[in-house]
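Tertiary structure, described
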Amino acid sequence: MATQKKRDTYLQAIIKQGYSRRDFMKFTTYMAAYMGLQNSAIGQITEALETTPRLPVIWEHYQECTCCSESFIRSDHPIVADIILDKISLDYTETLMAAAGEQAEAAKHDTMKKYHGEYILCVEGSIPTKDDGNYCCIAGKTAIQHFKEAAEGAKAIIAWGSCASNGCVQSAAPNPTGATPIHKFVHNKPLIRVPGCPPIGEVMAGVIVHVVAFGKLPELDRMNRPKAFYAKRVHDSCYRRAYYDAGLFAENFDDENAKKGYCLYKVGCKGPMTYNSCGTIKWNNGVSYPIQSGHGCIGCSEDDFWDNGPLYERLTALPGFGIESTADSVGKAVAGALAVGIGVHAIAGTIAKRKDVKRRVTKGQENEEHLKDE
Amino acid sequence: MAHTKNYKRVYVWQLPVRIFHWANALSIVVLSITGFLISNPPAFMSNAEAFDTFWMGQVRAIHFIAAYVFFGAMILRIYWAFAGNKFAHWKAFWPFSKKGIKNIIHVLKHDIFLLPEKNPNINDISIGHNYMATTAYILMFLFGLIMVFTGFGLYSDNATWWLPKLFAWVPSFVGGDFNARMLHHVSMWFIIFIIIIHVYLVLYHDWLEGRGEASSMFSGFKFVRKERVDENDE
Ligand code: HEM
Ligand code: SF4
Ligand code: SF4
């Protein structure tokens, strides 16, 4: 294919960037490690990146805060940002491309035409659907239109972050703009959800390197998340887990127990319900992660995490009962009402059925008399 | 001299039913207590190191052991719904028949709303369950199923055995662990509500009818009027 000949392979692009082959090898080793692949996969990734021409990537931004892009360009290895995102034919991304305005739109349409069926579509942000999708318009078109247009010729679609994966904060009740995650719009394309607010940079890198190096999606779980990064709860890889199992909890962010590094479950840590790699890959080049910095997990990579109860308390929220009600407060109230009802019933029953019971009791007593006679 | 009714001793609850009943009751009590502790553990310790204690781990372990008892009892009961006597049979639970609806109306009117019985009908006396109660037990069974599915679903991620793994799809099916735990927690309350009502009504009937309602779950026997037994109808 003529167009492909013109495209450099990943290795060529990396070398052109001024990296050595040694840097490249380190990079592929990193990537294999993040993806949780075995040693032999390093060779496969290396070979793939040496020989495959760079895949064109279109990166769309809708309703979002760009924290996913921010996270991505800070991922551990500079090659990730330099090559995978910035230099690897990232043909269109609002945040990082040099072009602007009509020029940029033209470049995007060019790529979409030229590489129809070949490009990877990355989406950051949710799509508003209320009021004809008016809440997010770019270049005179709504996000819905943009997305449908771009998804049409995409080989695969990556939903970056919680916005694109589950709607994130803008879809929190009452969801004024009708913010909708993108999997609701695609049904016949391979789709990866990479939730998190933002997702960990290395996770994003791992996902995209897998897609470009192997030409197929990584292994996904039932919710379309890459298993390599979302198979375990934060809780199950948390270094404070020993305190949880020991029943040693901080009750306050400034109490003695918090200073000792006890488990943050009682101050609202959502680690036990949240699937992510924070406990293992961590953040900012493996320096730390929220729990290590003394703050509970807020469950940022789980669906509807904004609507799942208070962030700083361990409560079971009840949907539809208002923010002050928890399952336990409603439960106690109902149990109390039942107790009162039973009390009333017992009294009323004693009165209403007194004749029946009296009759039976009398008869029983008469029987007892007969026993004496015999 | 008043004539006393002739009562017959009838074997109603076979041994597997009684074993189920008490295994179920015991495991629910244990599961609820440990469940509340898991959901909102007291933080009564400080100045301890993690190697000093393991109580939260033990609470969870007890929860999971009781969970297997609960599940095992449930399976035993399902089996017995096919193999057991007519009082244990699943058909005895199905309330949506003419007879069932009639019985529910009777129980509601005279047992719950305490209306006097003008012309007592011998067929209104239930030997086994009354149909109002079986409706509650069907509900109870459904909540028990929710507990098993969400519970083993949450458990499956760290399990190595295939049985809990069978439920691995549940959390994603209900939209994640958050929802699974919410369902698990809320269903516990429904089970507690049903139990409160159940225990009260057992004691109430025991008091009202005086035919061994409460002790029947220990002995297996209830006392039924001879005429009713002779009807030879469940
Ligand atoms: C009547 C039956 C049961 C009751 C009343 C009960 C109660 C509870 C409660 C209240 C919680 C805390 C939920 C929360 O607030 O987040 C819980 C957690 C849990 N339950 Fe149950 N449960 C029952 C049956 C089961 C069964 C059959 C299983 C199966 C293995 C199970 C497994 C679990 C698991 C895995 C957790 C989460 C524990 C953790 O992550 O530390 N439960 N249960
Ligand atoms: S801090 Fe959070 S994730 Fe860590 S052990 Fe405690 S509850 Fe689990
Ligand atoms: S610890 Fe929890 S809230 Fe924090 S980034 Fe990880 S998944 Fe998101």
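The rules behind the values
- Residues numbered from 1 in each chain as written.
- Chains lettered and ligands numbered in written order.
- Predicted model: local features only at pLDDT ≥ 70, side-chain atom pairs only at ≥ 80, totals over all residues.
- Heavy atoms only, no water.
- Near = heavy atom within 4 Å.
- Nonpolar A, V, L, I, M, F, W, Y, C, P; charged D, E, K, R; others polar.
- Helix = DSSP H or I, 4+ residues; strand = E, 2+ residues; numbered from the N terminus.
- Buried < 20%, exposed > 50% of the residue type's maximum accessible area, 1.4 Å probe, protein only.
- Contact = heavy atoms within 4.5 Å.
- Expected span 1.5 Å × (residues − 1).
- Domains from an automatic or database assignment.
- Axes fitted to C-alpha atoms, helices over the stretch in contact; angles between N-to-C directions.
- Parallel < 35°, antiparallel > 145°, perpendicular 65-115°, else oblique.
- Left-handed = near helix turned anticlockwise from the far one by under 90°.
- Buried area = accessible area lost by both parts, 1.4 Å probe.
- Salt bridge = Lys/Arg side-chain N within 4 Å of Asp/Glu carboxyl O.
- Polar contact = N/O pair within 3.5 Å; in protein donor to acceptor, adjacent residues only side chain to side chain.
- pLDDT = per-residue confidence, 0-100.
- Donors = N, O, S within 2.8 Å, 3.2 Å for Na, K, Ca; no water.
- Tetrahedral: all angles 85-135°; square planar, octahedral: opposite > 155°, others 65-115°.
- Pairing = 2+ DSSP bridges.
- Lys, Arg positive; Asp, Glu negative; His and termini not counted.
- Patch = residues over 30% accessible without salt bridge, like charges linked within 9 Å, V, L, I, M, F, W, Y side chains within 5 Å.
- Areas by Shrake-Rupley, 256 points an atom, 1.4 Å probe, with all protein chains shown as cover.

1. Considering the site of ligand 2
H235, C238, R240, R241, Y244, C263, L264, Y265, C269, G271, P272 and I291 of chain A make up every residue found near ligand 2. Residue composition of the shell around ligand 2, grouped by class: 8 nonpolar, 2 polar and 2 charged.

2. Some points on the environment of E49 of chain B
Residue placement: E49 of chain B occurs in the loop between α1 (15-39) and α2 (55-83). A relative accessible area of 35% places E49 of chain B in the partly exposed class. Residues E49 of chain B and N119 of chain B, spaced 70 residues apart in sequence, show a C-alpha to C-alpha distance of 71 Å. Setting aside chain neighbours within four positions, we find E49 of chain B in contact with Y243 and L248 of chain A.

3. Brief notes about helix α10 (residues 201-214) of chain A
All names here are of chain A. The end-to-end C-alpha separation of α10 is 20 Å, in line with the 20 Å expected for 14 residues at 1.5 Å each. Among the 14 residues of α10, 13 are classified as buried, and the element is accordingly described as predominantly covered. The first or second residue beyond α10 is G215, which carries a positive phi of 70°.

4. Let's talk about the domain arrangement of chain A
Looking at the assigned domains, one finds that chain A contains domain 1 (10-230), domain 2 (232-316) and domain 3 (332-369). Here domain 1 of chain A and domain 3 of chain A have C-alpha centroids that lie 70 Å from each other.

5. Thoughts on the packing of helix α4 (residues 40-51) of chain A against α10 of chain A
All names here are of chain A. Closest axis-to-axis distance for the α4/α10 pair is 8 Å, and the angle between their directions is 65°. When the interaxial angle is binned, α4 and α10 end up roughly perpendicular. Between α4 and α10 the crossing geometry is left-handed. Judged by residue contacts, Q44, I45, A48 and L49 of α4 engage V209, V212, A213 and F214 from α10. Grouping the amino acids of the contact of α4 with α10 by side-chain chemistry returns 7 nonpolar, 1 polar and no charged.

6. Some words on the interface of chain A and chain B
Contact residues are listed per partner, giving 56 residues for chain A and 53 residues for chain B. Here chain A and chain B share an interface that buries about 4800 Å² over both sides, 58% of which is from carbon and sulfur atoms. Linking chain A with chain B are 3 salt bridges. Between D157 of chain B and K232 of chain A there is a salt bridge, and its shortest N-O distance comes to 3.9 Å. For the pair chain A and chain B, the number of links is 19 residue pairs in polar contact (both at pLDDT 80 or more). Of all the elements in the fold, those that place two or more residues in the side of chain A that touches chain B are α12 (241-246), α14 (327-352) and α15 (354-373) of chain A. If one sorts the elements of the side of chain A that touches chain B by residue count, α14 of chain A sits on top with 14 residues. Here the residues of the side of chain A that touches chain B are counted per class, giving 25 nonpolar, 12 polar and 19 charged.

7. Comments concerning the confidence of the model for chain A
Of the residues in chain A, 90% reach a pLDDT of 70 or more, and the chain-wide mean stands at 84. Of all secondary-structure elements in chain A, the lowest mean pLDDT belongs to helix α1 (residues 2-6) of chain A, at 47, while strand β9 (residues 191-194) of chain A reaches the highest, 94.

8. Observations regarding the coordination of the iron atom of ligand 1
Reference values for coordination geometry: four tetrahedral donors around a metal ideally subtend 109.5 degrees, six octahedral donors ideally subtend 90 or 180 degrees. Residue and element names in this part refer to chain B. Binding of the iron atom of ligand 1 to the protein goes through H63 (NE2) and H184 (NE2), at separations of 2.0 Å. Around the iron atom of ligand 1, the 6 donor atoms are arranged such that angles at the metal cover 84 to 179°; this shape is classified as octahedral. Residue H63 is found in helix α2, and its partner H184 is found in helix α7 (residues 177-209); the two are separated by 121 residues along the sequence. Judged by relative accessible area, H63 falls into the buried class, the value being 11%.

9. Let's talk about the pairing of strand β7 (residues 156-160) of chain A
Residue and element names in this part refer to chain A. Summarising burial for β7: 5 of the 5 residues are buried, a large majority. Along β7, one buried face is formed by A156, I158 and W160 and the opposite face, lined by I157 and A159, is buried too. Relative to β7, strand β3 (residues 120-124) runs parallel, the two sharing 5 bridges. Paired with L121 across the strands is I157, a residue of β7. Bridging between β7 and β9 involves 4 bridges; their strand directions are parallel. Across the sheet, residue I158 finds its bridge partner in β9, namely I192.

10. Some thoughts on the pattern of salt bridges
The full count for this structure, using the stated rule, is 17 salt bridges over all chains. With a shortest N-O distance of 3.6 Å, R225 of chain A and E302 of chain A are connected by a salt bridge. Placement of the pair is R225 of chain A in the loop between α10 and α11 (227-230) and E302 of chain A in the loop between α13 (256-259) and α14, with a sequence separation of 77 residues. Note on R225 of chain A: relative accessible area 6%, which makes it buried. Residue E302 of chain A is classed as buried on the basis of its relative accessible area of 2%. Between D236 of chain A and R233 of chain A there is a salt bridge whose closest N-O contact spans 3.3 Å. Judged by its relative accessible area of 5%, R233 of chain A is buried. Salt bridges sharing partners connect three or more residues here, namely K232, R233, D236, R241 and D245 of chain A together with D157 and D177 of chain B.

11. Thoughts on the side chain of R60 of chain B
Here R60 of chain B is to be found in helix α2. Buried within the structure, R60 of chain B lacks any salt-bridge partner; its nearest side chain of opposite charge belongs to D245 of chain A, at an N-O separation of 4.2 Å.

12. What to know about unusual backbone geometry
For residues other than glycine, phi is negative in most cases, and the peptide bonds are mostly trans. Residues and elements named next belong to chain A. Residue A173 is joined to P174 through a cis peptide bond whose omega torsion reads 5°. Within the secondary structure layout, P174 lies in the loop between α9 (161-166) and β8 (179-180). The omega torsion of the bond from C197 to P198 falls at -5°, within 30 degrees of zero and hence cis. Located in the positive-phi region is D132, a residue other than glycine, with phi close to 60°. Within the secondary structure, D132 sits in the loop between β4 (127-128) and β5 (137-138). In this model, N285 sits at a positive phi of 60°, which is unusual for a non-glycine residue. As for its placement among the helices and strands, N285 is situated in the loop between α13 and α14.

13. Comments concerning a nonpolar patch on the surface
Residues and elements named next belong to chain B. Together, I78, F82, W90, L139, F141 and L142 make up an exposed nonpolar region whose accessible area comes to about 580 Å². It is helix α4 (residues 131-156) that provides the largest number of residues to the nonpolar patch, a total of 3 residues. In this structure, L139 sits in helix α4. What makes L139 partly exposed here is its relative accessible area of 43%.

14. Observations concerning the environment of E219 of chain A
Residues and elements named next belong to chain A. Within the fold, E219 resides in the loop between α10 and α11. The exposed category is assigned to E219, whose relative accessible area is 55%. Residues E219 and I192, 27 residues apart in the sequence, show an inter-C-alpha distance of 9.6 Å. Setting aside its immediate chain neighbours within four residues, E219 contacts R225, P226 and K227.

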